[in-house]
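In case you want the letters, here they are:
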Amino acid sequence: MNPALRKLLRKGTPEPADIDALLAEQDFPLVDGPDVTFVFRGTVDEVNLRCWISGLDTAQPFQALPGTDLWVTTIELPKGSRIEYKFEVVTGDSRELILDPLNGVIAEDPFGANSVCQGFGYVRPEWTLHDPQARAGSLQSLQVDSSVFRESREIQVYLPATFRSNRRYPLLIVHDGIDYLRYADLKIVLDNLIHRLEIPSVIVALIQSPDRLKEYGGDDRHARFLVDELLPRMSDAFPLLDGPGARCLMGASFGGVAALHAAWRFPEQFGSLLLQSGSFAFSDIGRHRRGPVFDSVVRFMNELREQPGRPAERIFMSCGMYESLIYENRSLVPHLQSKGVDLRFEEARDAHNWQNWRDRLRTGLSWLMPGPAWLVYE
Amino acid sequence: MSPETPLRLLLGPQRPVVNLGDAMARCGIGDGPIGVISAGWQEAEGDIDDVQRLVQNPLSDLRIYQRTEDLFAADKCLHDAYRLRQDRLIEQQRLYRMRLKHLMVAARHTLRTEGGPAVVAAERRHAISQLRALDRHHLGQVEKLHRRFDREFNTDSYARLSEHAAAIDDALSRVETALVTGGNVVVLMNRLRLFGLDRRLRSKNIIAWSAGAMVLCDRIVLFHDLMPQGRRDPEIVGKGMGLLPGIVLLPDAAKRLRAKDLVRIELFSRRFAPASCMTLDNGSLLLFEAETLRDSDAAKRITRNGKFRRVRAA
């Protein structure tokens, strides 16, 4: 049992005031080395810990502490882990998923928010936090007329703080770019990494699909949109460096599939790829079991595994160890390396979420687009 | 307007502690006008208001970065030749890095290994001599590429460069002291060389910090052990102005070097010997009269066995 709880129960049933004091004093969940204890207080019938971690039960039951209204459960988390979770609280016929009321640390995503457990040894990287010294880049809208999609699409463009129209810049294209801004602090990260000279001043096209599961799942239309429509539009509007070496495609989950697919369909267009937790589902035999939304992904991935080609010179891949896609990601690495792709793969003790993707941006971006820190002595 | 014996006042980064004003007073640099070279700041060249607040002397920037940009815009032939040279230099540096990586691994292993002292010592010496041979070869190749460019584009015979050089000479004729700021050391050295400033500054007092100090040495050594991808092997990138021969300057070493990795630091020191490797951290100072060290504060040199010792003037 966690030492703080053991102390609470040392003299038998604690008084409500003692429980109040404990809850006020401690940060929750209680982290004691690898043991993490989640605590819920309330008069309910059942509490479960729900975390979408491959390898753990999807619902871990809490135990009531006798004589109190406290519920607790303990799991073991390896050093450096970060997981997102909710509590499932059952009262009579009511079953409700809620954030941990005792934990103010949350992670937002397009579906809402989760509580965050920062395990022993996990520290949020300081370069993901606002640095008042770092000059802020700017965001502006750009319309891209698309004959492929038969509509005009609005994208956001990040310009570095030092932007000058008479200089030329590399281009980074980010799938789900608005989500990256909202949930992975991408603008802060770009400002900080540019300020630290760890990446060059870069122009970033932040694209967002109205139907990402379809368009990002190995859809030729999306690849054509990127190459035939977005790239020329960006080149017209901004001073970009020429050539694939100055172009990087990036995406997470289905966005990773979209990036890899576009580079595979149009080799020599993008010099580097940053693929985070790519949904690289495939089947060696028979039907896959990931549902119909993955049909086109599996078709593309099976084809790519047969003929990987060389989608880009350099690829940085990352994936959480606690997501089911770790298997697919690990297995893609040797396929691409065997074709001479300079590939780095980083695994993290995290799952399929935006903060995992945020935390890997420094190593990924600075490897694919190294900044001038090496040459600058201020 | 030149001093009898030029001073070289070298400082570390001017953040967070600024010691420029105090150092100038300590070294007896007068209050005459100073020509500033801030080309290492690239597009921010000339933003010297912060510097002006620290010193009484009137400052004027020589604008050598902007002069180059103007030349490139006006002279396609020069610009193309410059780009071609830069592409070749990048390629040369890539090949050097490729070979260096393996020699560095071998040298580190040799320094770490144990065995009969005489046998091991001989292998260590040889491993380091191989590194030095590669460094010499690389420096020679880099210099060849520069000379090929310089033969056609120099301030003596290329009219457009001559015009700018004359303007720079005119500005320098009115100052006894030049101040070279930090920034991108390669950009800075390239632009100094383009306008022949490696020769033109020789007779002036020079105050320089960080990259500005590095370019005064005979070799420019890039180093950074704390990059996002981890440590990188130190690389020679080219010749400096050669005003302080036999010294390798390491600005901001406290933040860029893994000082506790004794083998790494020892290798650094032995590889560049007999040159003396000296740190220039924030707040430190080295003062040379011509090539003779006269004063120092908080600067350290690396000993042959990888230790840091305070630099003491004779």
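Residues numbered from 1 in each chain as written. Chains lettered and ligands numbered in written order. Predicted model: local features only at pLDDT ≥ 70, side-chain atom pairs only at ≥ 80, totals over all residues.

1. Quick notes on the overall build of chain A
So, step 1. A count of helical and extended segments in chain A gives eleven helices and 19 strands.
So, step 2. Computed over its C-alpha atoms, the radius of gyration of chain A comes to 23 Å, within 12% of the 21 Å expected for a compact globule of 378 residues.
So, step 3. If one aligns the C-alpha atoms of chain A with their principal axes, the spans along those axes are about 75 × 60 × 40 Å.
So, step 4. Looking at chain A residue by residue over its 378 residues, the buried ones come to 43%. (Helix = DSSP H or I, 4+ residues; strand = E, 2+ residues; numbered from the N terminus. Rg over C-alpha atoms; globule rule 2.2 N^0.38 Å. Buried ≥ 20, exposed ≤ 12 C-beta atoms within 10 Å, placed from the backbone.)

2. Quick word on the interface of chain B and chain A
So, step 1. At the interface, 19 residues of chain B touch 15 residues of chain A.
So, step 2. Put simply, the parts of the chain that give the side of chain B that touches chain A at least two residues each are β5 (183–184), α7 (185–194), α9 (211–214) and β7 (219–227) of chain B.
So, step 3. When residues of the side of chain B that touches chain A are assigned to their parent elements, the largest contribution, three residues, is made by β7(B).
So, step 4. Among the residues making up the side of chain B that touches chain A, the classes are represented as nine nonpolar, six polar and four charged. (Contact = placed C-beta atoms within 7 Å. Nonpolar A, V, L, I, M, F, W, Y, C, P; charged D, E, K, R; others polar.)

3. Observations concerning the environment of Asp281(B)
Residues and elements named next belong to chain B.
So, step 1. Within the secondary structure, aspartate 281 sits in the loop between β10 (276–280) and β11 (285–289).
So, step 2. On the basis of neighbour count, aspartate 281 is assigned to the buried category, with 20 C-beta atoms found within 10 Å.
So, step 3. Remark: the alpha-carbon pair of aspartate 281 and alanine 254, spanning 27 residues in sequence, is separated by 6.5 Å.
So, step 4. Beyond its immediate stretch of four places on either side in the chain, aspartate 281 contacts Gly12, Asp252, Ala253, Ala254 and Ala298.

4. What about the pairing of strand β12 (residues 151–159) of chain A?
All names here are of chain A.
So, step 1. Summarising the sheet, strand β11 (residues 138–146) and β12 pair through nine bridges and their orientation is antiparallel. Across the sheet, valine 144 pairs through a bridge with arginine 153, a residue of β12.
So, step 2. A loop of four residues connects β11 with β12, the two strands running antiparallel in sequence, and arginine 150 in this loop sits at a positive phi of about 55 degrees.
So, step 3. In this structure, β12 lies alongside strand β14 (residues 203–206), joined through three bridges in antiparallel fashion. Within the sheet, the bridge partner assigned to tyrosine 158 lies in β14 and is valine 204. (Pairing = 2+ DSSP bridges.)

5. Comments concerning the packing of helix α3 (residues 64–74) of chain B against α7(B)
Residue and element names in this part refer to chain B.
So, step 1. Running from N to C, α3 and α7 point in directions that differ by 70 degrees, and their axes come no closer than 10 Å. Classified by the angle between their axes, α3 and α7 sit roughly perpendicular to one another. Within the contact between the two elements, α3 uses Ile64, Tyr65 and Thr68 and α7 uses Arg191, Leu192 and Leu194.
So, step 2. Here the residues of the contact of α3 with α7 sort into four nonpolar, one polar and one charged. (Axes fitted to C-alpha atoms, helices over the stretch in contact; angles between N-to-C directions. Parallel < 35°, antiparallel > 145°, perpendicular 65-115°, else oblique.)

6. A closer look at the sheet that holds strand β1 (residues 30–32) of chain A
Hydrogen bonds between backbone atoms are what pair the strands of a sheet, whose relative direction is either parallel or antiparallel.
All names here are of chain A.
So, step 1. One open sheet holds the four strands; their spatial order is β1-β2-β6-β5, and the pairing between them is antiparallel. The outermost strands of the open sheet, each flanked by one partner alone, are β1 and β5 (63–64).
So, step 2. Here three bridges tie β1 to strand β2 (residues 35–41), and the two strands are oriented antiparallel to one another. Across the sheet, residue aspartate 32 finds its bridge partner in β2, namely aspartate 35.

7. Considering the nonpolar core
When a protein is soluble and globular, its nonpolar side chains tend to lie buried together.
Residue and element names in this part refer to chain B.
So, step 1. By size, the foremost hydrophobic cluster in this structure holds 80 residues, and its most contacted members are Val215 and Leu249.
So, step 2. Sort the elements by how many residues they give to this core and α7 lands first, with seven residues.
So, step 3. Three or more residues apiece are contributed to this core by two domains, here domain 1 (7–70 + 175–310) and domain 2 (76–152).
So, step 4. For valine 215, the residues in contact, after removing those within four places along its chain, are Val180, Val185, Leu188, Met189, Leu192, Ile220, Gly240 and Met241. (Core = buried A, V, L, I, M, F, W, Y, C linked by C-beta atoms within 7 Å. Domains from an automatic or database assignment.)

8. Some thoughts on the domain arrangement of chain A
Residues and elements named next belong to chain A.
So, step 1. Examined at the domain level, chain A breaks down into domain 1 (3–118) and domain 2 (126–372).
So, step 2. Taken together, the contact between domain 1 and domain 2 spans 14 residues of the former and eleven residues of the latter.
So, step 3. In terms of residue class, the side of domain 1 that touches domain 2 is made up of six nonpolar, four polar and four charged.

9. Brief notes about the domain arrangement of chain B
Residue and element names in this part refer to chain B.
So, step 1. For chain B, the assigned domains are domain 1 (7–70 + 175–310) and domain 2 (76–152).
So, step 2. Using C-alpha coordinates to define each centre, domain 1 is positioned 22 Å away from domain 2.
So, step 3. Of all the secondary structure elements, the ones that give two or more residues to the side of domain 1 that touches domain 2 are β8 (230–239) and α11 (262–272).
So, step 4. A per-element tally of the side of domain 1 that touches domain 2 places β8 first, with six residues.
So, step 5. When its residues are assigned to classes, the side of domain 1 that touches domain 2 shows four nonpolar, one polar and eight charged.

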